Amino acid sequence: MDEYKFNPEHSQMIVDAIVEGYHDYIEHRKDRKSKMKISSAFAWTKGNFIESRLAEECVNHGFTWKKSKAGLTWDYLRFIHGDSKILFLIKNAAYFNEKSFSQAKLPSSLGKKGPYSTYLHELSRINEDLDFSPLPQISNEAEERGTVEQLAFWIVESQVREELKKFRSSYNQFHILTYALDEAYQISEIKHYLPNPNDNVAYLVEDLSDFISGADLTDEDREVVAPEMNEDIMDPAAFDIGIFEDEQQQS
């Protein structure tokens with residue numbers, strides 16, 4: 001998968017932005033906690049801070065970004081390298097299943113199985129002509145055993161399908177980068193995947209965890225984020241079902 005790797009400068013920039021965005025999020029949480037009687041809803045904004053920081057940094061490296069809507073209520077950013085027309089998203093690894101990338105992985109108390117028809121699978125069709133042949137087939141053992149509870153949504157309207165078709169023709173490759181937190185609530189793992197629409201598997205391109213630096217948290221930081229982790233607060237971004245974008249493109 002070496003041919004699909006980002007160059008080291010871009011990988012380092014992305015990793016640094018993810019770590020710095022997470023720190024921005026924690027500082028905001030601390031500020032809101034000190035000024036508000038209740039601020040738990042801000043637990044849902046972690047992805048916004050990470051993506052916003054990346055949007056600020058990526059423009060100096062030949063990238064652009066666009067805002068899209070996930071479902072009815074949640075916005076997220078897509079990032080595009082203009083020269084190569086490579087599109088990528090940032091996802092929370094807590095909800096990402098590389099063996100079945102089109103279905104969000106949810107806590108067992110909330111999960112249920114559903115069909116493969118989420119926006120991630122539609123976007124992955126950008127990769128239909130890429131060569132995945134050297135890679136071994138990965139069986140979806142977790143899904144077959146029923147140990148991973150998942151949720152997906154149908155995308156059925158013909159108008160949506162037509163929009164997706166036009167959208168896919170604008171890009172050459174679609175990638176997914178994920179970040180994961182460890183038991184100390186610090187970003188400890190960042191991975192780069194290339195999703196294959198033919199088997200619904202996201203293949204690992206590169207483990208970028210060695211690029212991580214400055215991810216340590218203070219005890220005060222952990223006190224802010226620990227409750228949401230321990231209570232399995234569900235991030236609305238896990239329910240992504242749309243890909244529509246705003247008219248405005250930033251560069």
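Because the structure is predicted, anything quoted here is derived from the model rather than measured. Here, residues in each chain are numbered from 1, in the same order as that chain's written sequence. Selection of residues for local features in this predicted model requires a pLDDT of at least 70, selection of side-chain atom pairs for listing and counting requires 80 or more, and totals for whole chains, interfaces and linings are taken over all residues. The side-chain values count all of the structure's non-hydrogen atoms but skip hydrogen atoms and water molecules.

**So, the overall build of the protein**
Operational definition: A run of H or I in DSSP becomes a helix once it reaches four residues, and a run of E becomes a strand once it reaches two; helices and strands are each numbered from the N terminus. Computed with a 1.4 Å probe, the accessible areas rest on the Shrake-Rupley method; for each residue, only the protein chains presented here act as cover.
Regarding its fold elements, the protein presents six helices and nine strands. Total accessible area on the protein stands at roughly 12600 Å², and carbon and sulfur atoms take up 47% of it.

**A closer look at the packing of helix H1 (residues 8–35) against helix H2 (residues 46–58)**
For clarity, the threshold we go by: Interaxial angle, 0 to 180 degrees, is taken between N-to-C directions of lines fitted to C-alpha atoms, where a helix line uses only the stretch in contact. When an angle is under 35 degrees it counts as roughly parallel; over 145 it counts as roughly antiparallel; between 65 and 115 it counts as roughly perpendicular; any other value is oblique. Handedness of each helix crossing follows the sense of rotation of the near helix against the far helix: counterclockwise by less than a right angle gives left-handed, clockwise gives right-handed. Throughout, a residue-residue contact means that at least one pair of heavy atoms, one from each residue, lies within 4.5 Å. In this classification, Asp, Glu, Lys and Arg are treated as charged, Ala, Val, Leu, Ile, Met, Phe, Trp, Tyr, Cys and Pro as nonpolar, and every other residue, Gly included, as polar.
At a closest axis distance of 7 Å, the pairing of H1 and H2 adopts a crossing angle of 135°. As judged from the angle between their axes, H1 and H2 are oblique. In terms of crossing hand, the pair formed by H1 and H2 is right-handed. Contacts between H1 and H2 involve Met13, Ile14, Ala17, Ile18, Glu20, Gly21, Tyr22, Asp24, Tyr25 and His28 from the first element and Lys46, Phe49, Ile50, Arg53, Leu54, Glu57 and Cys58 from the second. Of the residues contributing to the contact of H1 with H2, the split by class is 10 nonpolar, two polar and five charged.

**Digging into the pattern of salt bridges**
Which entries qualify depends on this criterion: For this document, the term salt bridge refers to a Lys or Arg side-chain nitrogen within 4 Å of an Asp or Glu carboxyl oxygen. In this scheme, a residue with accessible area under 20% of its type's maximum is buried, one over 50% is exposed, and one in between is partly exposed, where area comes from a 1.4 Å probe on protein chains only.
Applying the stated criterion across every chain yields a total of 11 salt bridges. Here Asp24 ties to Arg53 by a salt bridge, and the two come within 2.9 Å at their closest N and O atoms. With a gap of 29 residues between them, Asp24 in helix H1 and Arg53 in helix H2 connect regions that are remote in the sequence. One salt bridge connects Lys30 with Glu27, and the closest N-O pair in it is separated by 2.9 Å. Taken together, the positions of Lys30 and Glu27, both in helix H1 and three residues apart, correspond to about one turn of that helix. We classify Lys30 as buried; its relative accessible area is 17%.

**So, the pairing of strand E3 (residues 86–92)**
For clarity, the threshold we go by: At least two bridges found by DSSP between two strands is the condition for calling them paired.
With seven of seven residues buried, E3 is to be regarded as a mostly interior element. Taking every second residue as pointing to the same face, both faces of E3 are buried, with Ile86, Phe88, Ile90 and Asn92 on one and Leu87, Leu89 and Lys91 on the other. With seven bridges connecting them, E3 and strand E6 (residues 173–181) associate as parallel partners. Paired with Leu87 across the two strands is Phe174, which belongs to E6.

**Observations concerning the pairing of strand E7 (residues 187–196)**
In terms of residue burial, E7 counts as a mostly covered element, since eight of its 10 residues are buried. Strand direction decides the pairing type here: E6 and E7, joined by six bridges, are antiparallel. Counterpart to Ala180 in the pairing with E7 is Glu189. Taken together, E6 and the strand that follows it, E7, pair antiparallel across an intervening segment of five residues, in which Tyr185 is found at a positive phi of about 65°. Bridge count between E7 and strand E8 (residues 201–207): six bridges; the pairing is antiparallel. Across the sheet, residue Tyr193 finds its bridge partner in E8, namely Leu204. Between the end of E7 and the start of E8, which pair antiparallel, lie four residues, with Asn200 showing a positive phi angle near 65°.

**Details of unusual backbone geometry**
The phi torsion at Lys85 lies on the positive side, around 55°, for a residue other than glycine. Residues other than glycine seldom take positive phi values, yet Tyr185 does so here, at roughly 65°. Tracing the chain through its elements places Tyr185 in the loop between E6 and E7. When its relative accessible area of 15% is taken as the criterion, Tyr185 is described as buried.

**Regarding the packing of aromatic side chains**
The cut-off we apply is this: Any two rings among Phe, Tyr and Trp, with Trp reduced to its six-membered ring, count as a pair given centres within 6.5 Å; such a pair is stacked if its planes are under 30 degrees apart, edge-to-face if over 60, and tilted if neither.
All chains considered together, the criterion is met by seven aromatic pairs. With 5.3 Å between their ring centres and 50° between their planes, Phe96 and Tyr193 make a pair best called tilted. On the criterion of sequence distance, the pair formed by Phe96 in the loop between E3 and strand E4 (104–105) and Tyr193 in strand E7 is long-range, its members being 97 residues apart. Each member of the pair, Phe96 as well as Tyr193, is classed as buried.

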